[in-house]
Amino acid sequence: LSQLPGWSVRSDGSIVIATGNDDALGVYRCTPYNSYGTAGESRPTRVLLKDPPAFTVRPKEEYFQEVGRELVIPCAAHGDPPPTITWLKVGSVGKSSAQVDGNSSLVLHPLIKEQHGVWECTATNRVASVTTATSVHVLGTSPHAVTNVSVLPLLLAANISWEPGFDGGYFQRFSVWYTPLVKHPPRAHHDWVSLSVPAGAQHLLVENLQPDTSYQFSVLAQNKLGSGPFSQIVTSVPRGFPVTTVPPEPPAMTVHVFLSPPRALTANETVRGVLLRWDPPAPSPVALSGYALELRQDKGGWEVLERSIPGTDTQVLVPGLIKDAFYEFRLVAFAGSYISDPSNTVNVSTAGMEVYPSRTQLPELLPQPVLAGVIGGICFLSVAVIFSTMAACIMNRRRAARVRKRRQ
């Protein structure tokens, strides 16, 4: 064995082969012995070299797809013997509704909200098992539940923090719900109180609580499609004033930071779309995190068009607007958990702009009163030109007649 690099014998008689190669192939027998001799050889055992599974096709790190549509995620591997491919959603309980086609690809059809999350593809044979993972993001759904809800008890208050779940592809807002736990409630069911959370924040201070009373807290996420599930309920007891002759310290003053809105928002039409420019907000003690762009069409409701504009940007291009429509744009600035008031509103009309697709075959380029005035003006100018021409012809004829009379 000393002539074979990486080969050794343990104290119990086992052979250790550090690197398997063709030198390890063959039939082996073990002969135990001591000072009295040996009882003979063991039964022969054969060593064969097999290949563990190795992925030939790996899924991408992330997939984004609309709910209700089909999503196919490839995964393939080879080995000796050929491996078996299985798919499993991380954290799922019981058998999932996913299917696997003949190429070992994961088929999610129709895609549902519950299939959002991390999926693992595992290749297994008699030698080993290897696993790779991918994240599936299901768009067009209500938000997912927040996680890691924690409550920090304070003096007659509690600070609730959490980690947001996936927003379903839309801007989401949060609200904190809480209720006291009393031994003998005045009604059969105690009521929950809800508090709205400022946009972009992941914590909220709940004040004016009763001391030494247990409270239950939960967080709810909402987007334009509806509400997600409530988070897990966390129970906490706010602190009361200590029993002492020394007067308690007053609560710390809360520093309110005013974040001014973006300034001087303007819109310019280009061949690629509408280019919006603005000036940053006035300096504040909190560093600027970014901007959110809101728009509304034809005096409808405001919607968030883009909520992840970097704080260093001062312009954004908005392509793909509809022809013959009226748009309004405004910006909101974020700095930590603070959000500014909206900026000034800029109006953009796509009437007559050939770079955008038209919704109708005969677009109304002008309002009807203005269009009637334009047509009337054109008709008046046409009649004036005709009368002027006729008058010039009559004057020329009279002048020619006077010239002939003088010659006679």
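Just above sits the structure.
We now turn to the structure provided with this report. (Residues numbered from 1 in each chain as written. Predicted model: local features only at pLDDT ≥ 70, side-chain atom pairs only at ≥ 80, totals over all residues. Heavy atoms only, no water.)

What follows covers the overall build of the protein chain. The secondary structure content of the protein chain amounts to one helix and 31 strands. Looking at the protein chain as a whole, 28% of its 408 residues are labelled buried. (Helix = DSSP H or I, 4+ residues; strand = E, 2+ residues; numbered from the N terminus. Buried < 20%, exposed > 50% of the residue type's maximum accessible area, 1.4 Å probe, protein only.)

Attention now goes to the pattern of salt bridges. Pairing between side chains of opposite charge can happen when their charged atoms approach one another. Overall, the coordinates contain five salt bridges when judged by the stated rule. Lysine 50 is the partner of aspartate 80 in a salt bridge, and the nearest nitrogen-oxygen pair spans 3.8 Å. With aspartate 80 in strand S10 (residues 76–80) and lysine 50 in the loop between strand S6 (45–47) and strand S7 (51–57), this pair connects stretches of sequence that are 30 residues apart. Across the pair arginine 330 and glutamate 294 runs a salt bridge, and its minimum N-O distance is 2.6 Å. Placement of arginine 330 in strand S29 (residues 326–335) and of glutamate 294 in strand S26 (residues 290–297) is noted, with a sequence separation of 36 residues between them. Of the residues examined, arginine 330 reaches a relative accessible area of 19% and is grouped as buried. (Salt bridge = Lys/Arg side-chain N within 4 Å of Asp/Glu carboxyl O.)

What follows deals with the sheet that holds strand S12 (residues 99–100). The antiparallel open sheet is built from three strands, whose spatial order is S9-S13-S12. Two strands close off the open sheet at either side, each with one partner strand: strand S9 (71–73) and S12. Where S12 meets strand S13 (residues 106–108), two bridges bridge the pair, whose relative direction is antiparallel. The partner of valine 100 across the bridge, within S13, is leucine 106. (Pairing = 2+ DSSP bridges.)

Moving on: the sheet that holds strand S28 (residues 315–318). Strand order in the open sheet formed by three strands is S24-S25-S28, with antiparallel pairing between adjacent strands. Edge positions in the open sheet fall to strand S24 (263–270) and S28, since each of these has one partner strand only. The average angle at which neighbouring strand axes cross in this sheet is 20 degrees, direction not considered. Bridge analysis of strand S25 (residues 273–279) against S28 gives four bridges, and the strand direction is antiparallel. In the sheet register, leucine 275 faces S28, and the bridge partner there is leucine 317. (Axes fitted to C-alpha atoms, helices over the stretch in contact; angles between N-to-C directions.)

This structure, assessed with the given rule, holds one disulfide. The partner cysteine of cysteine 75 in its disulfide is cysteine 121, sulfur to sulfur 2.0 Å. Between cysteine 75 and cysteine 121, the S-S torsion sits near -90 degrees, and that sign places the bridge as left-handed. You can see cysteine 75 sitting in the loop between S9 and S10 and its partner cysteine 121 sitting in strand S14 (residues 117–124), a full 46 residues away along the chain. The residues cysteine 75 and cysteine 121 share a single accessibility class, namely buried. (Disulfide = S-S within 2.5 Å.)

The residue after aspartate 80, namely proline 81, is reached through a cis peptide bond having omega 0 degrees. Position of proline 81 among the secondary structure elements: in the loop between S10 and strand S11 (84–89). Here histidine 109 and proline 110 are connected by a cis peptide whose omega angle stands at -10 degrees. The backbone of asparagine 208 shows a phi angle near 60 degrees, a positive value even though the residue is not glycine. Position of asparagine 208 relative to the elements: it lies in the loop between strand S20 (203–206) and strand S21 (215–223). What makes asparagine 208 exposed here is its relative accessible area of 73%. Look at alanine 264: it is not a glycine, yet its phi comes out positive at around 55 degrees.

Our focus in this paragraph is the nonpolar core. Within the largest apolar cluster, 20 residues are counted, with the highest numbers of intra-cluster contacts made by Leu276, Trp278, Leu293, Tyr327, Phe329 and Leu331. Contributions of two or more residues to this core are made by S25, S26, S28, S29 and strand S31 (346–349). Top contributing element to this core by residue count: S29, with five residues. Apart from the residues lying within four places of it in its own chain, the contact partners of leucine 331 are Pro262, Leu265, Trp278, Tyr291, Ala292, Leu293, Ile309, Asp341, Pro342 and Ser343. (Core = buried A, V, L, I, M, F, W, Y, C linked by side-chain atoms within 4.5 Å. Contact = heavy atoms within 4.5 Å.)

Nonpolar side chains collect at one region of the surface, where Val383, Ile386, Phe387 and Met390 lie side by side and expose about 410 Å² of accessible area between them. Note on placement: valine 383 falls in helix H1 (residues 368–407). Overall, the relative accessible area of 42% leaves valine 383 in the partly exposed class. (Patch = residues over 30% accessible without salt bridge, like charges linked within 9 Å, V, L, I, M, F, W, Y side chains within 5 Å. Areas by Shrake-Rupley, 256 points an atom, 1.4 Å probe, with all protein chains shown as cover.)

For the rest of this paragraph, the subject is the environment of glutamine 202. Its location among the elements puts glutamine 202 in the loop between strand S19 (193–196) and S20. With relative accessibility at 39%, the residue glutamine 202 sits in the partly exposed group. For the pair glutamine 202 and serine 161, spaced 41 residues apart in sequence, the C-alpha to C-alpha distance is 5.8 Å. Among all residues touching glutamine 202, those that are not within four sequence positions of it are Ile160, Ser161, Trp162 and Pro164.

So, on to the side chain of threonine 122. Tracing the backbone shows threonine 122 in strand S14. A distance of 3.2 Å separates the side chain of threonine 122 from the side chain of threonine 131, its partner in a polar contact. Discounting residues that sit within four places of it in the chain, threonine 122 has contacts with Thr84, Ile85, Thr86, Ser129, Val130 and Thr131. (Polar contact = N/O pair within 3.5 Å; in protein donor to acceptor, adjacent residues only side chain to side chain.)

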